[in-house]
Amino acid sequence: LPICLLLMTDYRGKVLCLFDVDGTLSKSRNKATPEMGELLKELRKRYTIGIVGGSDLSKQAEQLGDGLVNDFDYVFSENGLVAFFNGEKIHSQSFKDHLGEENLKRFINWTLKRLSEMDCPQKRGNFIEFRTGMINVSVCGRNVNQAERDGYAAFDDEVKQRAGLVKDWQEAFPELGLRYSIGGQISVDVFPEGWDKTYCLQHVASRNFEEIHFFGDKTHEGGNDYEIYNHPGTIGHAVTKPDDTMEILRKEFLARK
Ligand code: M1P
């Protein structure tokens with residue numbers, strides 16, 4: 001081992017660095033750069049590292065590589081409703097079982113009708129994606145290509161269409177105890193109250209980390225990083241792009257003695 005590494009403290013048992021994916025480790029729905037991959041490898045030599053994203057595992061794998069469950073100590077898909085530690089699945093929570101078939105059908109039918117009344121620059125397919133721990137709803141449809149995706153994001157920035165849909169849901173289904181989270185460019189995640197990203201923290205509680213650092217870009221109220229960023233058990237780092245994350249990691253973590 002190089003002498004400089006021998007002189008540095010091993011924080012692996014004491015400090016967990018937890019990362020949001022879109023906008024934090026990679027551009028939204030894009031692959032993380034090789035530079036980011038190298039930096040995370042370096043970080044893992046001295047710290048425990050994990051990711052927590054709204055996306056399901058297959059989407060996270062598109063962005064971080066097929067081997068991601070082995071490249072991170074913890075992988076939390078769908079906010080930790082599906083969780084992996086050391087490459088093994090340790091938890092899976094069902095949105096369908098929690099809500100019940102009748103409520104689920106009522107919600108989906110109402111949403112399909114509402115989506116049919118909403119206009120946007122382009123519409124493609126896959127408007128409701130059913131996942132293990134949540135459903136993901138998109139007015140333009142998840143099958144948009146990258147240009148159409150960017151177009152919808154700009155449109156939504158201007159007219160706040162997704163925020164309007166969230167308000168409609170809140171008025172229509174107050175009794176279901178659902179939370180609506182705008183985490184990416186084209187869609188809204190829907191899951192029960194409390195199943196936001198703080199959900200994943202239960203999976204690391206027994207490790208008694210001295211510090212849990214969370215890095216995210218949607219830390220404002222209504223963003224899907226808001227709860228975990230403000231949680232008393234985490235130290236939050238707000239970033240606006242992957243370059244910010246790399247800068248913090250180099251200056252504050254890799255340089256730490
Ligand atoms: O990780 C953030 C979000 O990424 C995707 O959002 P979008 O397709 O709208 O850009 C989705 O996978 C979403 O569930 C997730 O929260």
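Use the structure listed above.
These lines cover the structure that appears in this document, whether it is placed above or below. (Residues numbered from 1 in each chain as written. Predicted model: local features only at pLDDT ≥ 70, side-chain atom pairs only at ≥ 80, totals over all residues. Heavy atoms only, no water.)

Time to look at the state of the cysteines. Taken as a whole and assessed by the stated rule, the structure comprises 0 disulfides. Of all cysteine sulfurs, the one in Cys-120 lies closest to Cys-140, which takes part in no disulfide; the gap is 5.5 Å. On the accessibility criterion, Cys-140 (1% relative accessible area) is buried. (Disulfide = S-S within 2.5 Å. Buried < 20%, exposed > 50% of the residue type's maximum accessible area, 1.4 Å probe, protein only.)

This next bit is on the site of the ligand. Near the ligand you find 16 residues, and of these Ser-55, Arg-149, Gln-185, Ser-187 and Asp-189 are the closest. Contact distances for the ligand include 2.8 Å between an oxygen atom and a backbone N or O atom of Ile-186. At a separation of 2.5 Å, an oxygen atom of the ligand approaches a polar side-chain atom of Asp-189. In isolation the ligand offers 380 Å² of accessible surface; the protein chains occlude 99% of this area. In the shell around the ligand, the residues fall into 1 nonpolar, 8 polar and 7 charged. (Near = heavy atom within 4 Å. Polar contact = N/O pair within 3.5 Å; in protein donor to acceptor, adjacent residues only side chain to side chain. Areas by Shrake-Rupley, 256 points an atom, 1.4 Å probe, with all protein chains shown as cover. Nonpolar A, V, L, I, M, F, W, Y, C, P; charged D, E, K, R; others polar.)

Here the focus is unusual backbone geometry. Leave glycine aside and you will find that most residues have negative phi; peptide bonds, for their part, are mostly trans. In this model, Asn-79 sits at a positive phi of 65°, which is unusual for a non-glycine residue. Locating Asn-79 in the fold gives a position in the loop between β3 (74-77) and β4 (82-85). When its relative accessible area of 3% is taken as the criterion, Asn-79 is described as buried. In this structure, Asn-126 is a non-glycine residue whose phi angle is positive, near 65°. Of note, Asn-126 is situated in the loop between α6 (101-116) and β6 (128-130). (Helix = DSSP H or I, 4+ residues; strand = E, 2+ residues; numbered from the N terminus.)

All chains considered together, the criterion is met by 12 aromatic pairs. Arranged with centres 4.7 Å apart and planes meeting at 25°, the rings of Phe-19 and Phe-215 form a pair that is stacked. With a gap of 196 residues between them, Phe-19 in strand β1 (residues 15-19) and Phe-215 in strand β10 (residues 211-216) connect regions that are remote in the sequence. Counting every residue linked through ring pairs, the aromatic cluster contains Tyr-11, Phe-19, Tyr-47, Phe-215 and Phe-253. The positively charged end of Arg-256 is found above the aromatic ring belonging to Tyr-11, 4.4 Å away from the centroid. (Phe/Tyr/Trp six-rings, centres within 6.5 Å; stacked < 30°, edge-to-face > 60°. Lys NZ or Arg CZ within 6 Å of the ring centre and 35° of its normal.)

Another point: the sheet that holds β6. Spatially, β6-β7-β9-β8 is the arrangement adopted by the 4 strands of the open sheet, whose pairing is antiparallel. Since the sheet does not close on itself, it has two edges, and those belong to β6 and β8 (178-181), each with one partner. With direction set aside, neighbouring strand axes in the sheet form an average angle of 20°. As defined by bridge partners, strand β7 (residues 135-138) adjoins strand β9 (residues 187-192) across 4 bridges and the pair is classed as antiparallel. Bridge pairing in β9 links Ser-138 to Ser-187. Against the sheet, α6 touches β6, β7, β8 and β9, its axis set at about 155° to β6. Here helix α8 (residues 161-172) sits on the sheet in contact with β7, β8 and β9, set at roughly 30° to β9. (Pairing = 2+ DSSP bridges. Axes fitted to C-alpha atoms, helices over the stretch in contact; angles between N-to-C directions. Contact = heavy atoms within 4.5 Å.)

The subject of this paragraph is the nonpolar core. Phe-107, Val-137, Trp-169, Leu-178, Tyr-180 and Val-190 are the most contacted members of the largest nonpolar core, which totals 29 residues. Listed by contribution, the elements that provide at least two residues to this core are α5 (95-99), α6, β7, α8, β8 and β9. The residues contacting Trp-169, other than those within four sequence positions of it, are Phe-107, Trp-110, Thr-111, Val-137, Tyr-180, Val-188 and Val-190. By size, the runner-up hydrophobic cluster in this structure holds 27 residues, among which are Leu-39, Ala-61, Val-69 and Leu-249. (Core = buried A, V, L, I, M, F, W, Y, C linked by side-chain atoms within 4.5 Å.)

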